[in-house]
Structures are given as C-alpha cells and as structure tokens.
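As a plain string of letters, each chain reads:
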Amino acid sequence: MDLRCAGMLCVLCLVLTVRAFTQEGLKEVVLKQLGLSEVPKLHKRDLVDLVIPEHIKNKYMSMLKRQRVKRRALPSLAGILRGIPGHTGEVLYSDTTTRQKLMFDMEGRIPKNSEVTMAELKLFKKPLDRADLPAKQPHRPVSNARVSVYWVQRLHDGANRTSLIDSRLVPIRESGWKSFDVTQAVHYWLRNKRREPMFLEVWIEGERVGSYASEMAKAVRFTSQDPKDKALGKPELVLYTLNLDDYGSPGDCREEAAMGKSTCCRQKHYISFRELPWAQHWILEPAGFQAYRCSGSCLQLPRALRRLGSGQRSCAVAGSSALPILYLVKRGNRTEIEAAEFPDMIVERCSCVTDG
C-alpha cells in the first residue's frame, strides 16, 4: 500500500469512527478515492442521452454481486407479495415491448421489528413465439437478451428517477421463471416510502450493441400483471426477513442505543446521494447506502492494567466492506460513465478497542 492510499484510508477510518459521516468528510473521501481535486462541473447538456456502456454496466453488476455473496444465510421466509393487477399495462413508453412497469403494494406487508435480508423478483418468461423473431441475417448469432431491473423513485415534483438494481443475460429460447435480486430496491423503498407502493421497471435490451441484437431481444416476453394476460406465472416479489426479537443481527443496536444506554454495537446510518447537493448529479448509482456507524459504551479495564500503558476502551469499526458506484467524469468536452469500488465504506462489525 503506497503512502497516498494509506493516507486516504486513515481519513476514511476517522470518518467512519466518528458519530456520523459529515458531508464534507464524505466528500473528501470520495474525491480522494477517485483522484479528483473537486466535484466535476457538469451542465444539463452533459446529462442528455447518456447511455451506460455495456462493459461498464457489467463491471458494476459484478461488483454488486461480490457484495451479495457476503450476505448472511436467510433464516426465514416472510411470504410472497404479488403484483397489483392492472398496472403493468400503463403506457409509459412508446416501446412497450421492451419496458415493463411493475407495482407492488408494500404497506403493512413487512412484519414489525424485522429486517429484510433479501428480496427476489420472479418473472415468468413466456415460451418463445418464433413469429416474434426477426428474419435471419448474416450476423453473429444472438442467444441472449439483457434484462435489467430498476427501482423507480417518484420525486415531489412529479418526475421519476430510476436506480439500477440488478441486470443479467436471459436465454431468448428458454422459458420459465427468472429471478432478480431486488433487495436494494426494497431498502430504498423502506427509506423513502410515503405510504405508496413500490415501483419497479424491467428493461429488455440486446445483449450487445446493434440493431439485430435489439430486434432479437424483443422476442423476450414476461407475463404481465394485466388480468387479461392469461399466461401462467404473474410477477412475484418474495421477501426473506429476519425476526429481530428471536434472532437479532449480530452486533446490531437495538432501540436503547439511541439513548446512549447500549454496549458497543452497529447502528443504522443511511446516506442518500440524492440528498447531497455535491453528489446528486454525478454519482449515478446507488441512490444511497446503509453505511452504519459504531455506537455505545465499552467496559473499561481495571485501573491496574490501565497504569501499565493501556488507555480507555472505545467503540470502533472492526470490519468493513466496499461500496460499488457508477459516476460521471469529464474528459475534455466529453462526459463518460465509470464504475469504481470504494473500500471500507460500509461498517460490517463494531468492537471495543483499547487506545494505545
């Protein structure tokens, strides 16, 4: 590790161990990690017609999947939430064959004092209708379509903002259930809910750039929420939850932590990039993240041991994980999209540490 990297991590450790991220502290860490001296200066024209390159999207999704592998085992199945009929057919785009809107009624469906550890969107791919396939052309064969799931946030001004949740290749000629990890979308909804349903969008695109791949992708059809769609397998949202009364998350704080009465534990602390003025326009994904922080008191060593050189014990970060992001960067007159992984941005464990 070079001195520059070590210095950056020291700043990061300091930010993580204080009571909360400060805006300036987080900004300093992000800019240092990206090797930037200031926030990129973007204009509205820089944000028009932006397309995430396929290799950048794949890089970002592989980073997300590495983090998901670390998720703990699922202890219980809360149940299945089914989509509300009649909303998928709402026309939001002119190209309705490649984009589908889903709505799930979430209010009251997540048990009290429980944590959603995983959420899975299940879509049923209809059998292939060969009439939907384009005429054979002298192109490299296309076997898959790219299916991406986005969470849709409804802003106060009536506009929508989407966040990429999961993306995978789906074989065009296979039918049956296809699953997508939408845990992040449910966490976003829990953070932003205003007594409204959760909205998701499913985008179907070519597996590579080109009109032939795009035309092949249009042959992929999922069963909709429309009651007139008689095909088997309506969209389903499966929630896996952890009962915190019976099986609390190891080392996580309970309510008494807010009153300063707890022993050292990990407390929830959500950071929204959408609400940070310096980050909201150039950090594209994620919309925000659960950073956590260490809180609570520690038992102190006997005075005899402290006289031997050991200091006070305090609650500090004992383990952390990385945060993948998609962001915009200016290179001359061009605006490009990049993917990066920030180390040590999410607190995984807290522990009592002795000063000195």
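Our subject is the structure that appears above.
Keep in mind that this is a model prediction, so the values were computed, not measured.

### Considerations on the pattern of salt bridges
This model, assessed by the stated rule, comprises seven salt bridges. Here Lys 178 ties to Glu 174 by a salt bridge, and the two come within 3.5 Å at their closest N and O atoms. The exposure class of Glu 174 is partly exposed, given its relative accessible area of 42%. Its salt-bridge partner being Glu 215, residue Lys 218 comes within 3.2 Å of it at the nearest N-O pair.

### Observations regarding the sheet that holds strand E15 (residues 334–354)
Taken in spatial order, the three strands line up as E11-E14-E15 in an open sheet, and their pairing is antiparallel. Edge positions in the sheet fall to strand E11 (283–285) and E15, since each has one partner strand and no second. Going from strand to strand, the sheet's axes swing by 40 degrees on average, the running direction of each strand aside. Two strands pair when backbone bridges link them, and E11 and strand E14 (residues 313–331) are joined in this way by two bridges, in the antiparallel orientation. Residue pairing for E14: Glu 285 is matched across the bridge by Leu 326. Along the sheet, helix H2 (residues 23–34) makes contact with E11, E14 and E15, crossing E15 at roughly 125 degrees.

### Topic: the state of the cysteines
Within this structure, the stated rule accounts for three disulfides. Between the sulfur atoms of Cys 294 and its disulfide mate Cys 350 the distance is 2.1 Å. Taking the torsion about the sulfur-sulfur bond, which here is approximately -90 degrees, the covalent link between Cys 294 and Cys 350 counts as left-handed. Residue Cys 294 is found in strand E13 (residues 293–295), and its partner Cys 350 is found in strand E15; the two are separated by 56 residues along the sequence. For Cys 294, a relative accessible area of 8% gives the class buried.

### Points about the nonpolar core
If you look at the biggest cluster of nonpolar residues, it comprises 40 residues, and the most contacted ones within it are Leu 26, Val 30, Phe 273, Trp 278, Trp 282 and Phe 289. Breaking this core down by element, the ones donating at least two residues are H2, helix H3 (54–69), E14 and E15. Of the residues forming this core, the biggest block, eight residues, is contributed by E15. When residues of this core are assigned to domains, at least three fall in each of domain 1 (22–74 + 247–299 + 309–354) and domain 2 (79–243).

Cut-off values and rules
- Residues numbered from 1 in each chain as written.
- Predicted model: local features only at pLDDT ≥ 70, side-chain atom pairs only at ≥ 80, totals over all residues.
- Heavy atoms only, no water.
- Salt bridge = Lys/Arg side-chain N within 4 Å of Asp/Glu carboxyl O.
- Buried < 20%, exposed > 50% of the residue type's maximum accessible area, 1.4 Å probe, protein only.
- Pairing = 2+ DSSP bridges.
- Helix = DSSP H or I, 4+ residues; strand = E, 2+ residues; numbered from the N terminus.
- Axes fitted to C-alpha atoms, helices over the stretch in contact; angles between N-to-C directions.
- Contact = heavy atoms within 4.5 Å.
- Disulfide = S-S within 2.5 Å.
- Core = buried A, V, L, I, M, F, W, Y, C linked by side-chain atoms within 4.5 Å.
- Domains from an automatic or database assignment.

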